[in-house]
Amino acid sequence: MDLRDDGSWRPIRWPLPCGEVRDIPANARVHGSVIRRMQQDATYRPGNLIVGGGGRGVRLAPEQYGIGEWVCAEREGCPVGEVWVRKGAGGGGEVKQ
């Protein structure tokens, strides 16, 4: 809802993606739980993370992509603060597949 100058409220209409996969930039910072889930659950294959290029239109990544190549950028091993980035997107560290 949007508050108007006269004090009344007006509904805001946001365009829905209609089920479209969200674009994720190549340099996105991804929480460690996402990497662990991809490693442990073969059915969790988010195309927008694994395929790269935003993954537009790719819901489920083909198996040949694995989970992609990721580098731990911050607080490796910390269940709360661990952050990963795609290899080559910056962040340093060792490549995990």
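Only a predicted model underlies this, so the values are computations on that prediction, with no experimental measurement involved. (Residues numbered from 1 in each chain as written. Predicted model: local features only at pLDDT ≥ 70, side-chain atom pairs only at ≥ 80, totals over all residues. Heavy atoms only, no water.)

A. Summary view of the overall build of the chain. Each helix and strand counted, the chain has two helices and six strands in total. Reading the helices (α) and strands (β) of the chain from amino to carboxyl end gives β-β-β-α-α-β-β-β. When the 97 residues of the chain are sorted by exposure, 30% land in the buried category. Restricting the contact set of the chain to residue pairs at least 6 apart, pairs at least 24 apart contribute 42%. By element, 51% of the accessible surface of the chain is carried by carbon and sulfur atoms, the whole surface being about 6,900 Å². (Helix = DSSP H or I, 4+ residues; strand = E, 2+ residues; numbered from the N terminus. Buried < 20%, exposed > 50% of the residue type's maximum accessible area, 1.4 Å probe, protein only. Contact = heavy atoms within 4.5 Å. Areas by Shrake-Rupley, 256 points an atom, 1.4 Å probe, with all protein chains shown as cover.)

B. Looking closely at helix H1 (residues 32–40). If you check which residues of H1 are buried, you get Gly32, Val34, Ile35 and Met38. Taken end-on, H1 shows its buried residues confined to a sector of 160°, consistent with a single buried face. Buried residues along H1 sit against strand E3 (30–31), helix H2 (47–50), strand E4 (70–74) and strand E5 (83–86). (Arc of directions from axis to C-beta.)

C. Highlighting the environment of arginine 45. Along the chain, arginine 45 turns up in the loop between H1 and H2. A relative accessible area of 10% means that arginine 45 is categorised as buried. Sequence separation between arginine 45 and proline 62 is 17 residues; the distance between their C-alpha atoms is 7.9 Å. Apart from the residues lying within four places of it in its own chain, the contact partners of arginine 45 are Ile50, Arg59, Leu60, Ala61, Pro62, Glu63, Tyr65 and Gly66. A polar side-chain atom of arginine 45 sits 2.7 Å from the main-chain carbonyl oxygen of glycine 66. (Polar contact = N/O pair within 3.5 Å; in protein donor to acceptor, adjacent residues only side chain to side chain.)

D. Main features of a nonpolar patch on the surface. There is a patch of nonpolar side chains on the surface, built from Met1, Leu3 and Trp9 and spanning about 390 Å² of accessible area. Locating leucine 3 in the fold gives a position in strand E1 (residues 2–3). Of the residues examined, leucine 3 reaches a relative accessible area of 48% and is grouped as partly exposed. (Patch = residues over 30% accessible without salt bridge, like charges linked within 9 Å, V, L, I, M, F, W, Y side chains within 5 Å. Salt bridge = Lys/Arg side-chain N within 4 Å of Asp/Glu carboxyl O.)

E. Region of interest: the environment of arginine 22. Examined against the element boundaries, arginine 22 turns out to sit in the loop between strand E2 (9–10) and E3. The class for arginine 22 is exposed, based on a relative accessible area of 68%. Once the C-alpha coordinates of arginine 22 and valine 58 are considered, the two residues, 36 residues apart in sequence, prove to be 9.7 Å apart.

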